[in-house]
Amino acid sequence: FADGRLEQTPIGTESGGNPYRVAVGDHVWTMSLDGALTRRDAATMEATAQLAFRESSRIAAAGDGLWVADALSGRVLRVDAATAEVVAEVSSGIRIAGPIWPSGGLGVLGGRARDFARIGNIDASTQLVWVADQDGRVLGIDPRSNEVVEEFDVPIEPDLVRAEGEHVLVVDREHGAILVLDAATGVEVLPVRPAARYVGAELHGGAVYIQDPDTG
């Protein structure tokens, strides 16, 4: 914002299209679908660092950096925001499946068949970093130790996870299933709610917001 007006600055055309964007401190980070992670100055949008990761990997912002869910290996990588260096790698135990020919939907780069990890989305908005395992688990990583300290089994195939306060939202967008867990115990607070399909979902202020693919 400048003088009460919203300024929109074009970031450019990242190869692979449809980049993920998060803000950390004075920087904006973008991740393209082909794995190019770029740090940009929030005031000028000029690139100040760039790293290469696996295609289709998701990112999440934390207080001191970023977390990357490697879509091909299933590892979770921690990036220091100041140095733009990978400072930790976390083994998730998530299974590798394939070869898969992706359609290009739901944040995955299409175009050719290859092996993919069953890792979904990642969220770092609470004390733990939460990772979705599409084989029916949700993992919580402690950023102090860079280790998995929570593992909850869920009755769906989650590709999206969101956390807020004491709750973790778990979503299978492709098959249309959503539930909310107690972050400390893994107990279902909101049981599975089926639907035809979900585009997206969020937790905010103790409520769940769901985007309908038909009406928007």
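Note that the structure is a prediction, hence the values are computed from the model and not measured.

Time to look at the pattern of salt bridges. The full count for this structure, using the stated rule, is 13 salt bridges. A salt bridge links Glu151 to Arg137, with the shortest nitrogen-to-oxygen separation between them at 3.0 Å. Placement of Glu151 in strand β14 (residues 147-153) and of Arg137 in strand β13 (residues 137-142) is noted, with a sequence separation of 14 residues between them. Take Arg137: its relative accessible area is 14%, and that puts it in the buried class. When salt bridges with common partners are traced through the structure, they connect Arg95, Arg118, Asp135 and Glu157 into a single cluster.

It is worth spelling out unusual backbone geometry at this point. Omega for the bond connecting Gly98 with Pro99 falls within 30 degrees of zero, at 0 degrees, which places this linkage in the cis form. Mapped onto the elements of the fold, Pro99 is located in strand β9 (residues 96-100). In the Ramachandran plot, Met45 falls in the positive-phi region, its phi being about 65 degrees despite a non-glycine side chain. Along the chain, Met45 falls in the loop between β3 (36-41) and β4 (47-52).

Turning our eyes to something else, we now look at the sheet that holds strand β12 (residues 129-133). An order of β11-β12-β13-β14 is seen for the four strands of this open sheet, with the pairing classed as antiparallel. With partners counted over all chains shown, the strands left at the sheet margins are β11 (119-123) and β14, one partner each. Strand-to-strand twist of the sheet, defined as the mean angle between neighbouring strand axes without regard to direction, takes the value 20 degrees.

Conventions and cut-offs
- Within any chain, residue numbers begin from 1 and follow the written order of that chain's sequence.
- Reporting in this predicted model follows two pLDDT cut-offs: at least 70 for local features of residues, and 80 or more for side-chain atom pairs to be given and counted; totals over whole chains, interfaces and linings ignore these cut-offs and use all residues.
- No hydrogens and no water enter the side-chain calculation; it runs on all heavy atoms of the structure.
- We define a salt bridge as a side-chain nitrogen of Lys or Arg found within 4 Å of a carboxyl oxygen belonging to Asp or Glu.
- Strands here mean DSSP runs of E at least two residues long; helices mean DSSP runs of H or I at least four residues long; both are numbered from the N terminus.
- Any residue under 20% of the maximum accessible area for its type is buried, any over 50% is exposed, and the rest in between are partly exposed; the area is computed with a 1.4 Å probe on protein chains only.
- In this analysis, strands are considered paired if DSSP registers two or more bridges between them.
- In this analysis an axis means a line fitted to C-alpha atoms, helices contributing only their contacting stretch, and an angle means the value between N-to-C directions, from 0 to 180 degrees.

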